[in-house]
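In case you want the letters, here they are:
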Amino acid sequence: MMRFASLRCAFLRVQGGVWVKAYVYLVCIGGAWSAQMTIAPEVDRLFWMEDGLAEAARVVDGRQSGRKSREKLRSKAVELRLKGERVEEGLLSEEALPLGDAIRCVELWQGAGAARGEAGKACGPLASLAACVEQARREASGALVGPGGQAAGDASLPARQWARAAAEAGGSSPGSARAAARAREAMAAAAQRAAAALQGRALLRSEAHALLEGAAADIGGALQLAQLLGWLRLTGAVAAGNGRRRRECRCRRCGSGEAHMHRTACAACGRMCAYCSACLTMGRSRECELLVLGMPAPPLPADSIPADLHKWQLSPAQAAATGSALRFIEAPHQSQQSKEFLLWAVTGAGKTEMIFPLVESVLIRGGRALIATPRRDVVIELDPRIRRAFPDARVVTLYGGSEQRWEAGDITLATTHQLMRFYLAFDLVIIDELDAFPYHGDPILHFAADKSRAPHAPKLLLSATPPTELQRRARSGQLPHARVPVRYHRHPLPVPQLIRTPSVAKLLQAKSLPRALLAALNHSLARGAQLFLFVQRISQVEPMAKLLRTVLKQSAVEGTSSQDPLRADKVSRFRKGQIRVLVTTTILERGVTIPRSDVYILDADGRLFDEASLVQMAGRAGRSGDDPNGFVYFCGRERSRSQISAVRHIRGMNRIAGKQGYLIQEGTATRTFWSRLLKR
Ligand SMILES: [Zn+2]
Ligand SMILES: [Zn+2]
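No experiment lies behind these values; they were computed from the predicted model shown.

### A closer look at the coordination of the zinc ion (ligand 1)
Argument step 1. For the zinc ion (ligand 1), every protein donor is listed as Cys 251 (SG), Cys 254 (SG), Cys 276 (SG) and Cys 279 (SG), and the spread of their distances is 2.2 to 2.3 Å.
Argument step 2. Its four donor atoms give the zinc ion (ligand 1) angles of 103 to 113 degrees at the centre, a pattern that matches the tetrahedral case.
Argument step 3. The sequence pattern describing where the donors of the zinc ion (ligand 1) fall on their chain is C-x2-C-x21-C-x2-C. Here Cys 276 lies in strand S12 (residues 272-276) and Cys 251 lies in strand S10 (residues 249-251), a separation of 25 residues in the sequence.
Argument step 4. Given a relative accessible area of 0%, Cys 251 falls into the buried group.

This is the structure:
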C-alpha cells in the first residue's frame, strides 16, 4: 500500500498550476509490442509485471455487467494479461509528456500498424515509439505533418526496463505476500468504485477528485487502473479536431470549436496551450487538462410496464398525450434522430404532472431520468414537486452553486448548463421550456444535452411554443409528437383583445393613459384580479409603475426586471397578493403563476415581442380553475404580424380542444359565444 500511496507524485505542481504528467510505455506480450499511456506508471508496472493485480482486476471485472463496452476500450494486450499471459518485457519512457501528446502518441502507434512492423524490425520498438512521440509533439507545436511524415530513423527516447520486484528481492515471506495480494485486491476494488461513481460523467480532473474524495487512497492510481481496464476513459479536455492539423482544437466537454479557443502561455504545462472560453463558467477546459469520461449507462429493458395513469389524476387531454409519450419512450429505438419526441402542451396544461408517469416508467425499469430546463427558478420550483411525487427516489437537483453537485440520483433535475458534466448518463432526457433563453439557439447547451443521454435513451422536448423548425418537423411527420391543446381545467385559453394605444414612450411623456386602457385596468382591479403589465424596455419599468400608481390611485404597484436585485422578493410578494399590479419585461413571461390574473402587453406591436413570447405572456391569464377566463390585452398602435400569429396560435389550440371534446361543457350562452368567436 505504501507504494500505491506514494503515487500522488503523478500530479505535480508546476509554476503554480497543476498538470497531468503522462508517460508512454511498451510491453511485449504474446509476442507483440503494445504501446500504452499512463498517468500513474507504478500502477501499470504492477499490473503488467507483478502477480496479483491482473488477477484481482479480472475478478472485479467479471462481477460487473456490460462487459462488451469495456472490452471495446481495452487493448488486446490488456485482454491477454487478464487471461493470465505474462509480459516478456516492459519499457517505460522516462520523459513526462503533456497528456494530449501521450494519448496522440499511442494513437499514432496503433495507426501505424504494418508500417511499424517493417520499421520496427530495422530499428527496434523503442525507436518506433520515439518517432510517435516526436510526431505527436510536432503536431502539438502546430507543425503540419503530411501523411507518412513519421520518420523512425533518428528519434530516441530515454527509457528504462521494468523490473519484477519479487525477482529483485529474491523472494519474500508468505506473510508479506499475503499483504501484497490484499493491497492489490484493494487497488482493483478502488478502481471499480471510482469507475462506478464516474459512470455517466464527464469531469475535469479537479471535479473527478472532488467527486471521488474518500473513495480511493490514491485517486490518480485508481483512475489509471480503471482506464487500463476499459472501465472509463481519460482524455484531454480540449482535443485536436483533426490529427493532421493539431491547431484545430475542439472542447470535448461543450463541443465548441476553434472559434472559442484561446491560446495562452500556460502556467500549468509551460507551453502555448488552448483553453475553451465557451464553457469557462464551468471551470477551465484546456489542452493539458484531464477529462474523465465514465462508462455509458447500460441499456434498459424495452418492455412496457402497464402504466397506472389513473393514479396521477390526469385530465383526458393530459392522459392521451402522456399515453403516446409513454409508448414512444418504452419502444426500442434505432437511430439517434428517431428518439426525439415533442410534447406540445399549451401554457397551463399541467406539463409537470404529465412527465411523472414517464419518469416512473424509467425508474421501474432501473434507469435514471433527467429533467433539464434552461431556467434556474424553474428547477428550484420543480424540486419539491418531484420529491413529493417520488418519495422513494433519490432526487438530485443541480444548478450553479447547488450542494448536491457530486451526488448520483435516480432523478436528476438540472439547469441545462449542468449537463456538461454528464456523459451518456441518462435513460430518459426531458428538456422543459426548450425554447427559453439561453437553451434556445445555444449550440453548446444542445451539445451538452445530447452528450448527457445514454446511446439508447429517448429525448422528450416540452414546450408551449416550440421553435418554428420543430413545429415544421412535427407537422410534416418527421418528429413524433403529441399535442395538449387544453389546460388541465378544460377551459379554453383566453383570446387576446386589442386596445389601440400610443407607444409607451408617448404615454410616459404625456403622463396619462388612454381611456379604453384605463377602463380595462379599472375593470380588472374591480373584479379582484392581479395584473401583469409587460413593457419592452427595462428603462420603462419604473416610470410606468409610477404612472400607474397615480392614475389607478393604487399603491400596490411595483416594477421588476432582470436587473432588479429585489426581483425574487417582489415575485414572492406578487404571489402572496401583496402586489396588485406588477410591471415587468419578458423576464416574467414564464414560470410565475397567479390564480386570478389579467395580462396587459404594452407596445405589443414592438419588435422585441415575437409570437412565442406573446403566447407565453398571454398564458399567464386564466390559469386557475376558479378563474379560467382571465383577460389578455394586446395594447399597441397596430396589429403586428406577431400578434396575428399569436392569436391564430391560441385560437387554433382552442379549436383543436373543442373538436377533440376536451373543453368542459358550459352553459348554452357561453357555448354560442365561443362558437361565434372561434368562427371569426
Ligand atoms: Zn468548452
Ligand atoms: Zn497547459
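Anyway, onward from the coordinates.
### Topic: the state of the cysteines
Argument step 1. Scanning all chains against the criterion turns up zero disulfides.
Argument step 2. A disulfide-free cysteine, Cys 132 has its sulfur positioned 5.0 Å from the sulfur of Cys 105, the nearest such atom.

### A look at the nonpolar core
Argument step 1. Among the nonpolar cores identified, the biggest contains 100 residues, and Ile 371, Ile 386, Phe 390 and Ile 601 are the most heavily contacted of them.
Argument step 2. Lining this core are residues from two domains, each supplying at least three of them: domain 2 (309-484) and domain 3 (497-679).
Argument step 3. Of all hydrophobic cores here, the second largest spans 66 residues; its members include Leu 82, Leu 108, Ala 130 and Leu 211.

### Observations concerning the confidence of the model for the protein
Argument step 1. Overall, the predicted model of the protein reaches an average pLDDT of 87, with 88% of residues at or above 70.
Argument step 2. Here residues 1-16 is modelled with pLDDT under 50, and outside its nearest four sequence neighbours on either side it reaches 35 contacts, counting other chains as well.
Argument step 3. The low-confidence segment residues 145-152 (pLDDT under 50) makes 17 contacts with residues lying over four places distant or belonging to another chain.

### Some thoughts on the environment of Gly 100
Argument step 1. With respect to the helices and strands, the residue Gly 100 is situated in helix H6 (residues 99-112).
Argument step 2. Exposure remark for Gly 100: the relative accessible area of 15% places this residue in the buried category.
Argument step 3. Taking the C-alpha atoms as reference points, Gly 100 and Cys 288, separated by 188 residues in sequence, lie 6.5 Å from one another.

### Focus: the sheet that holds strand S21 (residues 497-500)
For sheets, the rule is that strands pair by backbone hydrogen bonds, running either parallel or antiparallel.
Argument step 1. Read across the open sheet, the six strands follow the order S21-S26-S25-S22-S24-S23; overall the sheet is parallel. The two strands at the open ends of the sheet, each matched to only one other strand, are S21 and strand S23 (557-559). Ignoring strand direction, the axes of neighbouring strands in this sheet form an average angle of 20 degrees.
Argument step 2. Pairing between strand S22 (residues 530-534) and strand S25 (residues 597-601): five bridges, direction parallel. By the bridge assignment for S25, Gln 530 is matched with Ser 597.
Argument step 3. Packed onto the sheet, helix H20 (residues 538-551) meets S22, S23 and strand S24 (581-584) and runs at close to 175 degrees relative to S23.

### Quick notes on the environment of Val 557
Argument step 1. With respect to the helices, strands and loops of the structure, Val 557 is situated in strand S23.
Argument step 2. Look at Val 557 and you get buried, because its relative accessible area is 0%.
Argument step 3. For the pair Val 557 and Val 583, spaced 26 residues apart in sequence, the C-alpha to C-alpha distance is 7.6 Å.
Argument step 4. Beyond its immediate sequence surroundings of up to four residues, Val 557 is in contact with Ala 545, Leu 548, Arg 549, Val 581 and Val 583.

### Considerations on the environment of Asp 51
Argument step 1. Considering the arrangement of structural elements, one finds Asp 51 in the loop between helix H2 (41-49) and helix H3 (53-63).
Argument step 2. Residues Asp 51 and Arg 86, spaced 35 residues apart in sequence, show a C-alpha to C-alpha distance of 9.3 Å.
Argument step 3. Every residue in contact with Asp 51, bar those within four places of it in the chain, is listed here: Arg 86 and Arg 184.
Argument step 4. Within the structure, the side chain of Asp 51 is placed 3.2 Å from the side chain of Arg 86, a separation counted as a polar contact.

### A short note on the packing of aromatic side chains
Argument step 1. Overall, the coordinates contain eleven aromatic pairs when judged by the stated rule.
Argument step 2. Aromatic pair Phe 631 and Tyr 633: ring centres 6.3 Å apart, planes at 10 degrees, arrangement stacked.
Argument step 3. Judged by its relative accessible area of 25%, Phe 631 is partly exposed.
Argument step 4. One aromatic cluster in this structure is built from Trp 312, Phe 356 and Phe 390.
Argument step 5. Above the plane of the ring of Tyr 275 lies Arg 284, whose end atom (NZ or CZ) is 4.2 Å from the centre.
Argument step 6. The ring of Trp 344 carries Arg 483 above its face, with NZ or CZ at 5.0 Å from the centroid.

Conventions adopted
- Residues numbered from 1 in each chain as written.
- Chains lettered and ligands numbered in written order.
- Predicted model: local features only at pLDDT ≥ 70, side-chain atom pairs only at ≥ 80, totals over all residues.
- Heavy atoms only, no water.
- Donors = N, O, S within 2.8 Å, 3.2 Å for Na, K, Ca; no water.
- Tetrahedral: all angles 85-135°; square planar, octahedral: opposite > 155°, others 65-115°.
- Helix = DSSP H or I, 4+ residues; strand = E, 2+ residues; numbered from the N terminus.
- Buried < 20%, exposed > 50% of the residue type's maximum accessible area, 1.4 Å probe, protein only.
- Disulfide = S-S within 2.5 Å.
- Core = buried A, V, L, I, M, F, W, Y, C linked by side-chain atoms within 4.5 Å.
- Domains from an automatic or database assignment.
- pLDDT = per-residue confidence, 0-100.
- Contact = heavy atoms within 4.5 Å.
- Pairing = 2+ DSSP bridges.
- Axes fitted to C-alpha atoms, helices over the stretch in contact; angles between N-to-C directions.
- Polar contact = N/O pair within 3.5 Å; in protein donor to acceptor, adjacent residues only side chain to side chain.
- Phe/Tyr/Trp six-rings, centres within 6.5 Å; stacked < 30°, edge-to-face > 60°.
- Lys NZ or Arg CZ within 6 Å of the ring centre and 35° of its normal.

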